[in-house]
Amino acid sequence: MYLTKEEERLLESENETIATAMKLLVTVGKMFDAERLVKVKSAHVSGVSYDNIGDAGLEWLESLNAKVSVPTTLNPAGFDVKRWREMGIGEEFYEKQMRIIKAFERLGVKITLTCTPYYIHKPAFGDHLAWAESSAVVYANSLIGARTNREAAITALAAAIVGRTPFFGLHVKENRAPTVRLKVSGDLAAAGYEAGKLIGGEIPYVIFDRKPSEWELKLFGAALAATGSVPMFHSPGITPEAEEFEVPSESVEVEGRGALDCDPDLIAVGCPHASEEELKMIYELLKGEKVKREFWVFTSRSVASKAAQVVEKLESLGVKVFSDTCMVVSPATDTFECVVVNSGKALHYVPERRRCEVGFADIFTCVKLARTP
Ligand code: F3S
């Protein structure tokens, strides 16, 4: 693998963290036959919740000694850092989680605690990135035309430190070609959930039965990436590179349908974190009525502060708008028996990570449920 003089110096660095980061990336690059590294414009790091990484992860992060060299954002943690008591988080969990956040801060990572870094700073078409968080990877590749592989938490952090990632996979244009045609109708989050299971790691060329909104595409991509290992999709007239490749002939069809499986004591939306548009939509759907069940909406602190007025109105109707965390990575969800979500990704991961049942309904049904005692 070709390395520039500077990259060789990083590999031989006396700083153990930098040298190890570089060694890791070179090893990954060799595994995937990358000819060289490519400079990245930003990195997005996952593996933040103490619930996921535990003491071993915490101690490892605290042992690192370097600074990130490109703008680096951070995935959600195990609670809302301002409302953790209200979420029922214990002191010990709180302290460990805050040590993790401090360790990232010491590395120079921006404490964004969101899976939607593109709402904070939108990359440009063609930018090379090193993003972990599969839903953000699909979004960046498909809706923006930026280029990132599905990085692991550790390779994204290594890339953040040395500002480079191996040049293979979706960094190379030919590898971004669609490999299967996918016809989609119905609810897009549910459709993405089903489609991911069918197509695995293929890149679909998607034909929607209507023009979807941005938030529907976000939920669709997140679900595809959760049940499959899909890194991106194309769709004519929607995604930037759709017209640049041949349309595959093999075709699959899915229809997304809701399937409420239990009577929810919690309705949880905002996976991936809600946009300003979604917050406004939820407020409008509530039609000024107070919620009758626990209704949690997850968004980033950045979006919540931009949409402060809507957040305030939602809170006045009894909705809890939490930041920094989500229904999957927070142990707060464990205190409920049945959680209904409008996200295919949450539908996939809640049963795996949390101790409660999960049901699925589209956002309109979720809000209707919240208004029903
Ligand atoms: Fe984000 Fe949590 Fe869903 S990190 S994509 S809201 S599982």
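What you see is a predicted model; the values in this text were computed from it and never measured.

*Asks:* Just checking my understanding: could you explain the pattern of salt bridges for this structure?
*Replies:* Opposite charge on two side chains permits them to pair, given that their charged atoms come into close proximity. By the definition in use, this model includes 27 salt bridges. Here Arg85 and Glu91 are joined by a salt bridge, their closest N and O atoms 3.1 Å apart. Arg85 gets classed as exposed once you look at its relative accessible area, which sits at 58%. The residue Glu194 makes a salt bridge to Lys197 at a minimum N-O spacing of 3.8 Å. Highlighted residues: Glu194 and Lys197, both in helix H7 (residues 188-199), separated by three residues, approximately one helical turn. A single salt-bridge network, built from bridges that share partners, covers Asp51, Asp334, Arg354 and Arg355.

*Asks:* Can you help me understand the nonpolar core in this one?
*Replies:* The nonpolar side chains of a soluble globular protein tend to be buried, and buried together. Grouped together as the largest cluster of nonpolar side chains are 128 residues, with contacts concentrated most on Phe104, Phe295 and Met327. For this core, the leading source of residues is helix H8 (residues 214-227), giving eight residues. The residues contacting Phe104, other than those within four sequence positions of it, are Val45, Gly47, Val48, Leu61, Leu74, Val109, Ile111 and Leu157.

*Asks:* Where do I start with the sheet that holds strand E4 (residues 129-131) in this structure?
*Replies:* Note: strands within a sheet are paired through backbone hydrogen bonds, in either parallel or antiparallel orientation. Spatial strand order, E3-E2-E4: three strands in an open sheet with parallel pairing. In this open sheet, the two edge strands, each paired with only one partner strand, are strand E3 (72-74) and E4. The mean angle between the axes of side-by-side strands here comes to 10°, regardless of whether they run parallel or antiparallel.

*Asks:* Before we go on, may I ask you to explain the site of the ligand in this structure?
*Replies:* Near the ligand the following residues occur: Pro76, Cys115, Glu133, Ser135, Gly270, Cys271, Pro272, Cys326, Val328 and Lys345. Grouping the constituent residues of the shell around the ligand by class yields six nonpolar, two polar and two charged.

*Asks:* Sorry, what's going on with the state of the cysteines here?
*Replies:* Two cysteines whose sulfur atoms are joined by a covalent bond form what is called a disulfide. Overall, the coordinates contain one disulfide when judged by the stated rule. Between the sulfur of Cys262 and that of Cys338 lies a disulfide, 1.9 Å long from S to S. In this structure, the disulfide formed by Cys262 and Cys338 twists by about 75° around the S-S bond and is classed as right-handed. Highlighted residues: Cys262 in the loop between strand E8 (251-256) and strand E9 (266-274) and Cys338 in strand E12 (residues 338-341), separated in sequence by 76 residues. Relative accessible area serves as the criterion here: at 14%, Cys262 is assigned to the buried category. For Cys338, a relative accessible area of 3% gives the class buried. Cysteine Cys366 is unpaired, with the sulfur of Cys338 as its nearest cysteine sulfur at 11 Å. Judged by relative accessible area, Cys366 falls into the buried class, the value being 0%.

*Asks:* Honestly, helix H13 (residues 363-371) in this entry has me stumped. Any pointers?
*Replies:* Given 3.6 residues to a turn, an α-helix orients residues that are three or four positions apart in the same direction. Turning to H13, its buried residues are Ile363, Cys366, Val367, Leu369 and Ala370. Viewed along the axis of H13, the buried residues span an arc of 160°, placing them on a single side of the element.

*Asks:* I keep staring at the sheet that holds strand E13 (residues 357-360) and nothing clicks. Help me out?
*Replies:* Pairing in this open sheet of five strands is parallel, and the strands run E11-E10-E9-E12-E13 from one edge to the other. Across the chains shown, the open sheet's two edge strands, defined by having one partner strand only, are strand E11 (320-323) and E13. Strand-to-strand twist across the sheet, computed as the mean angle between neighbouring axes with direction ignored, equals 30°. As defined by bridge partners, E9 adjoins strand E10 (residues 294-299) across five bridges and the pair is classed as parallel. Bridge pairing links Val269 to Val297 in E10. Lying over the sheet, helix H9 (residues 276-286) contacts E9 and E10, oriented at roughly 155° with respect to E9. Each of E9, E10 and E12 is contacted by H13, which is oriented at about 145° to E9, the strand it contacts most.

*Asks:* Help me understand the packing of aromatic side chains in this model?
*Replies:* Here a ring pair, both rings aromatic, is described through the centre-centre distance and the interplanar angle of the planes. Using the criterion set out here, one finds 15 aromatic pairs in the structure. Taking the centre distance of 4.5 Å and the plane angle of 10° together, the rings of Phe32 and Phe168 count as stacked. Pair noted here: Phe32 is in the loop between helix H2 (16-31) and strand E1 (37-39) and Phe168 is in the loop between strand E5 (164-166) and strand E6 (180-186), with a separation of 136 residues, a long-range link. The exposure class of Phe168 is buried, given its relative accessible area of 17%. Plain terms: the ring middles of Tyr118 and Tyr139 are 3.6 Å apart, the flat faces sit at 5° to each other, and that makes the pair stacked. Of the two residues, Tyr118 is situated in the loop between helix H4 (91-106) and E4 and Tyr139 in helix H5 (residues 134-144); the sequence distance between them amounts to 21 residues. Of the two residues, Tyr118 and Tyr139, neither departs from the other in class, the shared state being buried. Among the aromatic residues, ring-to-ring pairing joins Tyr50, Phe79, Trp84, Phe93 and Tyr94 into one connected group. It is Arg36 that lies over the ring of Phe167; its NZ or CZ is 4.1 Å from the centre.

*Asks:* Please clarify how the packing of H8 against H9 should be interpreted in this entry.
*Replies:* Two packed helices can be described by the angle between their axes and the distance between those axes. At a minimum axis separation of 9 Å, H8 and H9 run at an interaxial angle of 110°. Here H9 runs roughly perpendicular to H8, going by the angle between their axes. On the side of H8, the interface is formed by Glu214, Trp215, Lys218 and Leu219, while H9 contributes Glu277, Glu278 and Met281. Residues of the contact of H8 with H9, tallied by class, amount to three nonpolar, no polar and four charged.

Criteria and cut-off values
- Residues numbered from 1 in each chain as written.
- Predicted model: local features only at pLDDT ≥ 70, side-chain atom pairs only at ≥ 80, totals over all residues.
- Heavy atoms only, no water.
- Salt bridge = Lys/Arg side-chain N within 4 Å of Asp/Glu carboxyl O.
- Buried < 20%, exposed > 50% of the residue type's maximum accessible area, 1.4 Å probe, protein only.
- Helix = DSSP H or I, 4+ residues; strand = E, 2+ residues; numbered from the N terminus.
- Core = buried A, V, L, I, M, F, W, Y, C linked by side-chain atoms within 4.5 Å.
- Contact = heavy atoms within 4.5 Å.
- Pairing = 2+ DSSP bridges.
- Axes fitted to C-alpha atoms, helices over the stretch in contact; angles between N-to-C directions.
- Near = heavy atom within 4 Å.
- Nonpolar A, V, L, I, M, F, W, Y, C, P; charged D, E, K, R; others polar.
- Disulfide = S-S within 2.5 Å.
- Arc of directions from axis to C-beta.
- Phe/Tyr/Trp six-rings, centres within 6.5 Å; stacked < 30°, edge-to-face > 60°.
- Lys NZ or Arg CZ within 6 Å of the ring centre and 35° of its normal.
- Parallel < 35°, antiparallel > 145°, perpendicular 65-115°, else oblique.

As far as function goes, none of this settles anything; it's purely spatial.
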